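Residue strings, one per chain:
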Amino acid sequence: MNIGFIAHNSKKNLMENFCLAYKRILSRHQLYATGITGRRIEEVTNLKVHKFLPGSMGGDRQFTEMIERNDMDMVIFFYNPVLHDPRQADIDLITRSCDKYNIPIATNIATAESLILGLAHGDLDWRNIV
């Protein structure tokens, strides 16, 4: 399955720790991420990550295009909901695209863990049919 990762600056350490904790599961899938997030995941896990441009340079749009082609099976998007982000429109675009194309998305650690464990258990195999 194709798994996408995005993390805003204040959440990049959380994303690294998450990917390190679930490295065994992630190693069986194709990983995609915006530029800096992808590089940091690769550095801590030694897993191959297909990297888009950095989010601020169009990576969010590349990410969304993959969703719209139905080429993404799951998205983990860690952002800080407390801070005002001038890129809020990008957050909304990605989450709306996931909803439109029935792609599971996690925006916090609790949901991300549920999705990853479900993935390992085979609960997302229905994505292979879509």
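Residues numbered from 1 in each chain as written. Predicted model: local features only at pLDDT ≥ 70, side-chain atom pairs only at ≥ 80, totals over all residues. Heavy atoms only, no water.

(A) Region of interest: the pattern of salt bridges. What the rule picks out here adds up to 6 salt bridges. Overlapping salt bridges, with partners in common, bring together R61, E65 and E68 in one network. (Salt bridge = Lys/Arg side-chain N within 4 Å of Asp/Glu carboxyl O.)

(B) Just unusual backbone geometry, in detail. In this structure, N46 takes a positive phi of about 60° despite not being glycine. You can see N46 is positioned in the loop between α3 (35–45) and β3 (49–51). Residue class for N46 comes out exposed when judged on its relative accessible area of 67%. The phi dihedral of N102 is positive, around 55°, even though this residue is not glycine. Along the chain, N102 falls in the loop between α5 (88–100) and β5 (105–106). (Helix = DSSP H or I, 4+ residues; strand = E, 2+ residues; numbered from the N terminus. Buried < 20%, exposed > 50% of the residue type's maximum accessible area, 1.4 Å probe, protein only.)

(C) Expanded view of helix α6 (residues 109–121). Its 13 residues place the ends of α6 18 Å apart at the C-alpha level, agreeing with the 18 Å of an ideal helix rising 1.5 Å per residue. Of all the positions in α6, only A112, L115, I116, G118 and L119 are classed as buried. For α6, the angular spread of the buried residues around the axis is 160°, confining them to a single face. Those residues of α6 that are exposed and aimed more than 90 degrees away from the buried face are S114 and H121. Where α6 begins, the side chain of N108 points an oxygen toward the backbone nitrogen of A110, at a separation of 3.1 Å. Once α6 ends, the next one or two residues include G122, with phi positive near 95°. (Expected span 1.5 Å × (residues − 1). Arc of directions from axis to C-beta. Polar contact = N/O pair within 3.5 Å; in protein donor to acceptor, adjacent residues only side chain to side chain.)

(D) View of the sheet that holds β5. Pairing within the open sheet is parallel, and its 5 strands lie in the order β3-β2-β1-β4-β5. Whereas interior strands pair on both sides, the edge strands pair on one side only; in this sheet they are β3 and β5. In this fold helix α1 (residues 12–21) packs onto β1 (2–7) and β4 (74–78), with an angle of close to 150° to the strand it touches most, β1. Along the sheet, α3 contacts β1, β2 (30–33) and β3; its crossing angle with β3, the most-contacted strand, is approximately 160°. (Pairing = 2+ DSSP bridges. Contact = heavy atoms within 4.5 Å. Axes fitted to C-alpha atoms, helices over the stretch in contact; angles between N-to-C directions.)

Such coordinate-based values are descriptive only and should not be taken to indicate function.
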